[in-house]
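Chain by chain, the residues:
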Amino acid sequence: MTTTRPIDRPMEQPLVDTYRRRIEDLRISVTDRCNFRCQYCMPAEGLPWLPTAKVLSDDEIVRLATIFVRLGIKEIRVTGGEPTVRPSLPNIVRRLSALKDEGLQSLSITTNGVLLDKMAGRLAEAGLTRINVSLDTLVQQKFHRITRRDCLARVLHGLEILEQYPTIRPIKINAVAMKNFTEEEILDFARLARTKPYLIRFIEYMPLDADGTWRREQVLTGREIFEVMNAWKPLVPVPTGRSSTSRVYRFADGIGEVGFINPVSEPFCATCNRIRLTADGQIRTCLFSIDEWDLSGPMRAGASDDELATIMHRAISHKELKHKINEGAAFQRASRSMSQIGG
Ligand code: SAM
């Protein structure tokens, strides 16, 4: 979807949607490719990858990010696919990091961690200060089964390397919580959060799998995990920002923190301030969007910053009120799966 209708002084208006949500958080996917094949995300054989020519170049990513930051984006998370498979990732991080002079407050990446042993140092030097590492299990066979890669030891080693760079903090670990998979490891994750400088966050499994096999019964809710941990050692809420997607708790004895992201059982759409830019330059205003807003085509056809800002405003004015996972037949699957969107 594109639009040509002008918006008055588009570079001077903040990004606010029709429900008065001020958009301040941008996920940028730098590739749709991934070196893992997580069962809940991608088929074993992978997906049809975007042709290289369609993927935004470093310059294009930085140009769009700069406009977004001037329009009020305060947090950028670089993601994919797997962002570390893009060799220029440290360069992208270095250039995005310079946007802190323009008002960017937080820059992070989301990674499966398998290349961190090689890339952590370069990312730290490039100015990365925050990171999310996805890790769904601490058991080697389960890791192999869920990711279809036998790489747990390498991911754990990557995390150890990361610990050597104190400028990258906090180290957040995201685990997708699934029934008949995660339960037996809840306390092992809790112990990890208490012995390492990691904030472990459980995220509910969402219907964004490429296979389209998601079923509600497979969702292990944040509440269920909380109950198990809290019965083991009491948890105390830690205040977070209004738009934070996660509920964070610390253990009452002061050692360790854990978080819960509950998009299925406790949707947080009312305070969602997030949009996404796909690797091929489309704006998505919700993970579950059906429509996208093309920035790549107009940019490559010579659009000015004002014209691109107009498209950004137009997209945000169509941001969905909420996802409809809990509304039965009203729920429509997103037009792309998680790895293609940029989770
Ligand atoms: N490859 C990077 C990584 O592993 O973090 C970034 C992209 S990955 C798509 C981003 C996050 O989405 C990961 O934490 C992954 O576990 C999560 N994810 C993928 N499919 C999901 C689903 N169906 N439900 C919930 N989370 C999902």
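Structure shown above.
Our subject in this report is the structure included herewith. What you see is a predicted model, and the numbers here were worked out from it, not measured in a lab.

Quick word on the side chain of Thr285
- Take Thr285: it is sitting in the loop between strand 11 (282–284) and strand 12 (293–294).
- In terms of polar contacts, Thr285 uses its side chain to reach the side chain of Glu320, at 2.7 Å.
- Residue contacts for Thr285: discarding those within four places in its chain leaves Arg274, Ile275, Ala315, Ile316, His318, Lys319 and Glu320.

Considerations on the packing of aromatic side chains
- Throughout the structure, instances matching the rule amount to nine aromatic pairs.
- Where Tyr249 meets Phe260, the ring centres are 5.8 Å apart and the plane angle is 65°; that geometry is what we call edge-to-face. With Tyr249 in strand 8 (residues 246–251) and Phe260 in strand 9 (residues 257–261), this pair connects stretches of sequence that are eleven residues apart.
- On the basis of relative accessible area, Tyr249 is assigned to the buried category, the value being 11%.
- Every member of this aromatic cluster is reached through a ring pair, and the members are Phe189, Phe202, Phe226, Tyr249 and Phe260.
- The ring of Phe181 has Lys142 sitting right over it, with the charged end atom 4.5 Å from the ring centre.

Concerning the packing of helix 2 (residues 89–97) against helix 3 (residues 116–126)
- Closest axis-to-axis distance for the helix 2/helix 3 pair is 8 Å, and the angle between their directions is 20°. Judged on the interaxial angle alone, helix 3 and helix 2 are roughly parallel. Like other packed secondary-structure pairs, helix 2 and helix 3 cross with a definite hand, here right-handed. Contacts between helix 2 and helix 3 pair Leu89, Pro90, Val93, Arg94 and Ser97 from the former with Met119, Arg122, Leu123 and Ala126 from the latter.
- Of the residues belonging to the contact of helix 2 with helix 3, the class tally is six nonpolar, one polar and two charged.

Some words on the pattern of salt bridges
- Taken as a whole and assessed by the stated rule, the structure comprises 27 salt bridges.
- One salt bridge connects Asp17 with Arg21, and the closest N-O pair in it is separated by 2.6 Å.
- With relative accessibility at 6%, the residue Asp17 sits in the buried group.
- Across the pair Asp305 and Arg63 runs a salt bridge whose closest N-O atoms are separated by 2.7 Å. With Asp305 in helix 9 (residues 305–317) and Arg63 in helix 1 (residues 58–70), this pair connects stretches of sequence that are 242 residues apart.
- A relative accessible area of 28% places Asp305 in the partly exposed class.
- What makes Arg63 partly exposed here is its relative accessible area of 28%.
- A single network of salt bridges, built from pairs that share partners, joins Asp280, Arg284, Glu292 and Arg336.

Some remarks on the sheet that holds strand 5 (residues 171–177)
- One open sheet accounts for twelve strands, arranged 7-8-9-6-5-4-3-2-1-10-11-12; its pairing is mixed. Looking along the sheet, the strands with just one partner apiece sit at the ends: strand 7 (235–238) and strand 12.
- Packing of helix 6 (residues 186–195) onto the sheet brings it into contact with strand 5, strand 6 (198–204), strand 8 and strand 9, and relative to strand 6 it is tilted by some 150°.

Some details on unusual backbone geometry
- With an omega of -5°, the peptide bond running from Arg169 to Pro170 counts as cis.
- In this structure, Pro170 sits in the loop between helix 5 (152–163) and strand 5.
- You will see that Arg148, though not glycine, has its phi angle at about 60°, which is positive.
- Topologically, Arg148 is positioned in the loop between helix 4 (140–147) and helix 5.

Things to note about the site of the ligand
- Surveying the vicinity of the ligand reveals 18 residues, the closest of which are Gly81, Glu82, Thr110, Ser134 and Met206.
- Between the ligand and the protein, one listed contact pairs a nitrogen atom with a backbone N or O atom of Gly81 at 2.9 Å.
- The separation between an oxygen atom of the ligand and a polar side-chain atom of Ser134 is 2.6 Å.
- The fraction of the free accessible surface of the ligand (540 Å²) that becomes covered by protein chains is 94%.
- Of the residues belonging to the shell around the ligand, the class tally is seven nonpolar, eight polar and three charged.

Reading the values: rules and limits
- Think of each chain on its own: its residues are numbered from 1, step by step along the sequence as written.
- It should be noted that, the model being predicted, local features are given only for residues of pLDDT at least 70 and side-chain atom pairs only at 80 or more, the latter also being counted only at that level, while totals for whole chains, interfaces and linings use all residues.
- Side-chain figures throughout are based on the complete set of non-hydrogen atoms in the structure, without hydrogens or water.
- Secondary structure is summarised from DSSP: a helix means a run of H or I of at least four residues, a strand means a run of E of at least two, and numbering begins at the N terminus for each.
- Within 3.5 Å is the distance limit for a polar contact, defined as a pair of N or O atoms, with the added protein rule that one can donate a hydrogen and the other accept it, and that residues adjacent in sequence qualify only through two side-chain atoms.
- Working rule for contacts: check all heavy atoms of both residues, and any pair within 4.5 Å makes them a contact.
- Aromatic pairing here means that ring centres of Phe, Tyr or Trp (its six-membered ring) are within 6.5 Å. Orientation follows from the plane angle: under 30 degrees is stacked, over 60 is edge-to-face, and everything else is tilted.
- Exposure is judged per residue with a 1.4 Å probe applied to protein chains only, and the accessible area is read against the type maximum: over 50% gives exposed, under 20% gives buried, and values in between give partly exposed.
- Charge over a ring is defined by NZ of Lys or CZ of Arg lying within 6 Å of the ring centre and within 35 degrees of the ring normal.
- Lines fitted to the C-alpha atoms define the axes, with helices restricted to the stretch that makes contact. Angles between their N-to-C directions range from 0 to 180 degrees.
- Should an angle lie under 35 degrees it is considered roughly parallel, over 145 roughly antiparallel, and from 65 to 115 roughly perpendicular; all remaining angles are considered oblique.
- Less than a right angle of anticlockwise turn of the near helix away from the far helix marks a crossing as left-handed, whereas a clockwise turn marks it as right-handed.
- Gly falls in the polar group here, along with every residue not listed as nonpolar (Ala, Val, Leu, Ile, Met, Phe, Trp, Tyr, Cys, Pro) or charged (Asp, Glu, Lys, Arg).
- We count a salt bridge whenever a side-chain nitrogen from Lys or Arg sits within 4 Å of a carboxyl oxygen from Asp or Glu.
- Here, any two strands with at least 2 DSSP bridges between them count as paired.
- Each residue is tested against the molecule or strand, and it is near if at least one of its non-hydrogen atoms lies within 4 Å.
- In this description, accessible areas are obtained by the Shrake-Rupley approach with a 1.4 Å probe, and a residue is regarded as covered only by the protein chains that are shown.

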